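Here is what each chain is made of, one letter per residue.
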Amino acid sequence: MNKALRRPVIAGNWKMNKTPDEAKALIEEMKPLVADADCDVVVCVPYVDIPAALEATAGSNIKVGAENCHWAESGAFTAEISAPMLKAVGVPYVIIGHSERRQYFGETDVTVNQRTKAALASGLKVILCVGELLEQREQGITEEVVRYQTKIALGGVSAEDLKNVIIAYEPVWAIGTGRTATAEQANEVNAAIRACIAELYGKDAADATVIQYGGSMNAKNAAELLAQPDVDGGLIGGASLKAPDFSVIVKAASV
Ligand code: PGA
């Protein structure tokens, strides 16, 4: 549905992998493989890799993202990084609300909302992650869960700022497990998220919003997932650490 209105975004989430030298090497390997992509290509890297990644991607079609940011501009928040700091070093994208942050670091829907608003206020593009746990899917409450997460995360976000939000639907049971949602499951939930955006911001805004799928997307299953009408790209963990695999996914999004 109106898929042609949206340019797909393939984003790698490197998580806690790669030193700066390794980041540079991986990006150098990726650059020629994704140079003719007909989609947006992003690599979200650990904070310390950001300068190396920005240098290595300069002049290429690969954009750099961070994996999180704090909600305050500055202050007594040891080890945190603020959105203005990311903006100052020239990072255009940031992932917010990844399930690993929610699961291991106590992030809540409320802090996800605060971080989202801070990132948008600094002019960053946000990749906002939502997704249900296995128990929630088994209880049949997947749509309620993702609608609830989406609504809270976007509380106070204007229609203008929504243009800088990409939503990544990532079922928690599919992340790093090798267990992918079927193309139908991914499309069904992405469509539910789009319907939720339409309720909040209207149909045109919903049609324009990029909604990715993430969770064990790889070189083999990407084409089928990305062909779905409501799947506008992917957030890729494991497979984004291998340049040939990542480039196959980028090509699958470019058709
Ligand atoms: P995965 O991770 O592709 O390794 O499942 C996806 C993610 O966590 O964004």
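Structure's up top.
Residues numbered from 1 in each chain as written. Predicted model: local features only at pLDDT ≥ 70, side-chain atom pairs only at ≥ 80, totals over all residues. Heavy atoms only, no water.

Focus: the site of the ligand
Our working rule: Summary of the distance rule: residues count as near a molecule or strand when at least one heavy atom falls within 4 Å of that molecule or strand. What qualifies as a polar contact is a pair of N or O atoms within 3.5 Å, subject to a donor-acceptor requirement within protein and to the restriction that residues adjacent in sequence count only when both atoms come from side chains. Per-residue and other accessible areas were derived by the Shrake-Rupley procedure at a 1.4 Å probe size, with only the shown protein chains allowed to occlude residues. The classification used treats Ala, Val, Leu, Ile, Met, Phe, Trp, Tyr, Cys and Pro as nonpolar, Asp, Glu, Lys and Arg as charged, and all other residues, Gly among them, as polar.
Around the ligand sit 13 residues, and of these Lys15, His98, Glu170, Gly176 and Ser216 come closest. Glycine 176 is positioned with one of its backbone polar atoms (N or O) 2.6 Å from an oxygen atom of the ligand. Contact with the protein chains removes 95% of the 280 Å² of surface that the ligand exposes when unbound. For the shell around the ligand, the per-class residue count stands at 4 nonpolar, 7 polar and 2 charged.

Details of the packing of aromatic side chains
The test is simple: When the centres of two rings from Phe, Tyr and Trp lie within 6.5 Å, Trp using its six-membered ring, the rings pair. Their planes under 30 degrees apart give stacked, over 60 give edge-to-face, and anything left gives tilted. The classification of residues rests on relative accessible area computed with a 1.4 Å probe and restricted to protein chains. Under 20% of the type maximum is buried, over 50% is exposed, and intermediate values are partly exposed.
In total, this model carries 3 aromatic pairs according to the counting rule given. Residues tyrosine 104 and phenylalanine 105 carry aromatic rings whose centres are separated by 6.5 Å and whose planes lie at 90 degrees to one another, so their mutual orientation is edge-to-face. According to the relative accessible area criterion, tyrosine 104 is exposed, its value standing at 56%. Taking relative accessible area as the criterion, phenylalanine 105 reaches 53% and is therefore assigned exposed.

Considering the layout of surface pockets
Our working definition: Cavity means a closed set of points on a 1 Å grid over the protein atoms alone, one where a 1.4 Å probe fits but cannot get out, pocket means an open set with protein on both sides within 12 Å along at least 5 of 7 lines, and lining means a residue has an atom within 4 Å of a point. Grid points are joined across faces, edges and corners, and a volume is the space filled by probe spheres set on the points. Secondary structure counts use DSSP, requiring at least four H or I residues in a row for a helix and at least two E residues in a row for a strand, with both numbered from the N terminus.
Reported here for the largest pocket is a volume of approximately 430 Å³. Around the largest pocket, the lining comprises 16 residues; the ones closest to its centre are Lys15, Met16, Glu67, Arg101 and Phe105. Tallying contributions element by element places helix α4 (residues 99-104) first for the lining of the largest pocket, with 3 residues. Looking at the lining of the largest pocket residue by residue, the class counts come to 8 nonpolar, 3 polar and 5 charged. Here the second largest pocket is characterised by a volume of approximately 260 Å³. Where the lining of the second largest pocket is concerned, the elements lending two or more residues are α8 (159-162), β6 (165-169) and α10 (203-208).

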